[in-house]
Structure formats: structure tokens, C-alpha cells
Number of protein chains: 2
Amino acid sequence: MSTLTNALTTAEAATTTGWSARMLRYVEQLGLVVPPRSASGYRLYGPAQLQRLRTLRELLERSGLELGDVGVALRLRREPELAAALDAWFQTQLETEPRRPQGLPDDSDWLAFEQQKHTQLLEH
Amino acid sequence: MSTLTNALTTAEAATTTGWSARMLRYVEQLGLVVPPRSASGYRLYGPAQLQRLRTLRELLERSGLELGDVGVALRLRREPELAAALDAWFQTQLETEPRRPQGLPDDSDWLAFEQQKHTQLLEH
DNA sequence: GGCACCCTGACACGATCGTGGTAGGGTTGT
DNA sequence: ACAACCCTACCACGATCGTGTCAGGGTGCC
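Residues numbered from 1 in each chain as written. Chains lettered and ligands numbered in written order. Predicted model: local features only at pLDDT ≥ 70, side-chain atom pairs only at ≥ 80, totals over all residues. Heavy atoms only, no water.

> Give a description of the protein's contact with DNA strand D that names residues and reports values.
The immediate surroundings of DNA strand D are formed by 17 residues, with Thr9 and Arg43 of chain A together with Ser20, Tyr26 and Tyr42 of chain B found nearest. One of the side-chain nitrogen or oxygen atoms of threonine 10 of chain A is found 2.9 Å away from a phosphate oxygen of DNA strand D. The contact in question runs from a phosphate oxygen of DNA strand D to an N or O atom on the side chain of serine 40 of chain B, over 2.9 Å. For the surface near DNA strand D, the secondary structure elements donating two or more residues are helix 1 (10–17) and helix 2 (21–29) of chain A together with helix 2 (21–29) and helix 4 (67–78) of chain B. In terms of residue count, the dominant contributor to the surface near DNA strand D is helix 2 of chain B (three residues). (Near = heavy atom within 4 Å. Polar contact = N/O pair within 3.5 Å; in protein donor to acceptor, adjacent residues only side chain to side chain. Helix = DSSP H or I, 4+ residues; strand = E, 2+ residues; numbered from the N terminus.)

Have a look at this one:
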């Protein structure tokens, strides 16, 4: 098998990283570790992906986060409008008066992007 | 009732914000909107909390996030070590060679904090 | 002192998550 | 060509989430 191309197949990657083959596909579906594909569609896990899978394991164990949580964090990284909206919300705490901060343009269209990009993390 | 103290009780806050009383308690349990309490333990929703509840509603509808997702984002805000760990992981993508970045001290104790603070978001 | 409200804790129940398994069909190497 | 792999698409199933409801007990006010 891949003694020359240094890219592992799904089952091989599974055994060396401690995940199951099923979970590797699931992790890919969440957009967390997406390996390139061969011409015929086989997943090809290179050193970068293997490293990513191992450290992901560490991360989950040490932090107590779940896979979906990391997916959310990834989404925040990819959609800065969303992260900004969250930032804004977190700071709605102290303003007990209806004093408008007046440095912002206007908060009427404060978050104007099509939702529903939520479910299609991968365009498959 | 509270025409003088301008702080609403749970049921009142529920009707004016569109949440249910049950959900208000759940949102509090997630640490997202935590109202102060009266001496006898009644929740007192002031204008800040009401605003927070309404904008939280907006946020969820527009972004497609779930309540738990916002909880995770909040956790990232409160635990910068965790956010740093995630940052580190997200950048493990491009290093296809085992070249160590050598600007970092050492990644052996790269994330050393007691887990299990996960379940006790509120110390109750 | 009663009535209307609040609290916590529990059970319930559909929906989603994490994970395994299987079926049906292509690919690869000898 | 045949075994040994890989793929996608399902079904299953326990665990957790989101939400309602109810019981048992305290609080506030007329």
C-alpha cells in the first residue's frame, strides 16, 4: 500500500491516530480535518492531517470540549461577522441606561447576512 | 407589583422578552443571562437583563447558533488558555514538515489546567 | 390567613449528537 | 479476476439538549 506515497488510507490513519474510520469521516463532515482525495475519491491522510487528528484528540481530552464545540469555534473563525455579533452581545451587560454608544454607525442592520449557511458547512 | 422597583419577576420578564419562564432559568443555568436575586431568592430582571435576553433572541435567530453554542463561546471568552489552545490547533494545518516553529517555549505542557471545570459553570 | 406568586427538583419527550454497523457498489494490486 | 480494500447512504441506539409540566414548599401582600 502506501509505503511510497506517505499518505495513509482511512483505516490506516484510524489505527495510527486512535480514531475509528467512522469517526474520521465524521470529523471531516464537521470540517475539522479534511484530507485531500485521490483521483478516485479515496481519502489521503498526510502527515499534516495525522498531526491534526492527534492534537485534536489531546484538545478534546484536556479541555472537556466536544467535537461540535470545536466546530462552532471553527465557524466563528471563518465568519468574523458572527464573532463580532457575539462580541457585541457579550458587552450588552453593563449598559443599564439606554445610552447609545454613538461610535457605531447604526445597529439596525448590525448583522445582515443570510442565515442557513449553518447546515451546509461542506458544500457536497 | 413592580411599578416602582423597575425590576421584573421571572414570569413578567418572560412575557416581555418572548422566552418562557422555564427557558429563562435554563438560560441562566448556561451562564448567559444571570439576573440578581432578591433577599429571598427571587430573580430580579432589570433593564440590562431584559435587553440581553432580547438581543440573545435576535442573535440565535439570525446566526443559526444554538444556546449551547453561545455557552461555548462564553466559555472561550472566560478561559483564555482554552481559546489559545484552539488557536494553536487551528494553525496546525500548514505545517506538513515536522519543522518545529521554535518561537514557542515548548509544547509539552502546552495546555496544563484541571479539566472538569466544564460541568460546573455555576458554583451552586 | 389566604391567594397568587416564586423557588428548586424531577419526570417526560421529541430532536439532535456521537458512534457503530451494514448494504450496495467502485478501485487496486497481484 | 478475485480478494481486499475504499466509498456513500442508511438504520440503530444510548446520551444529551431544549422545553414543558408538575409536585412540594417558601414569600408577599391585602
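> Pulling in residues and values, what's your account of helix 2 of chain A?
Residues and elements named next belong to chain A. Among all positions in helix 2, only Leu24, Val27 and Glu28 are buried. Seen end-on, helix 2 carries its buried residues on one side only, within an arc spanning 100°. Away from its buried face, by an angle of more than 90 degrees, helix 2 presents the exposed residues Arg22 and Gln29. On the buried face of helix 2, the contacting elements are helix 1, helix 3 (47–63) and helix 4 (67–78). Where helix 2 terminates, the next one or two residues include glycine 31, which has phi positive at roughly 85°. (Buried < 20%, exposed > 50% of the residue type's maximum accessible area, 1.4 Å probe, protein only. Arc of directions from axis to C-beta. Contact = heavy atoms within 4.5 Å.)

> Could you give an account of the environment of proline 47 of chain A, naming the residues involved and the relevant values?
Residue and element names in this part refer to chain A. Looking at the secondary structure, you find proline 47 in helix 3. Look at proline 47 and you get partly exposed, because its relative accessible area is 39%. When the C-alpha atoms of proline 47 and glycine 18 are compared, they prove to be 15 Å apart, with 29 residues separating the residues in sequence.

> Requested: an account of the packing of helix 4 of chain A against helix 5 (residues 80–90) of chain A, with residues and values cited.
All names here are of chain A. Between helix 4 and helix 5, the least distance of the axes is 5 Å, while the angle of their chain directions is 105°. Judged on the interaxial angle alone, helix 5 and helix 4 are roughly perpendicular. Here Arg75, Leu76 and Arg78 of helix 4 come into contact with helix 5, specifically with Pro80, Leu82, Ala83 and Leu86. (Axes fitted to C-alpha atoms, helices over the stretch in contact; angles between N-to-C directions. Parallel < 35°, antiparallel > 145°, perpendicular 65-115°, else oblique.)

Taken by themselves, the reported measurements are silent on function.
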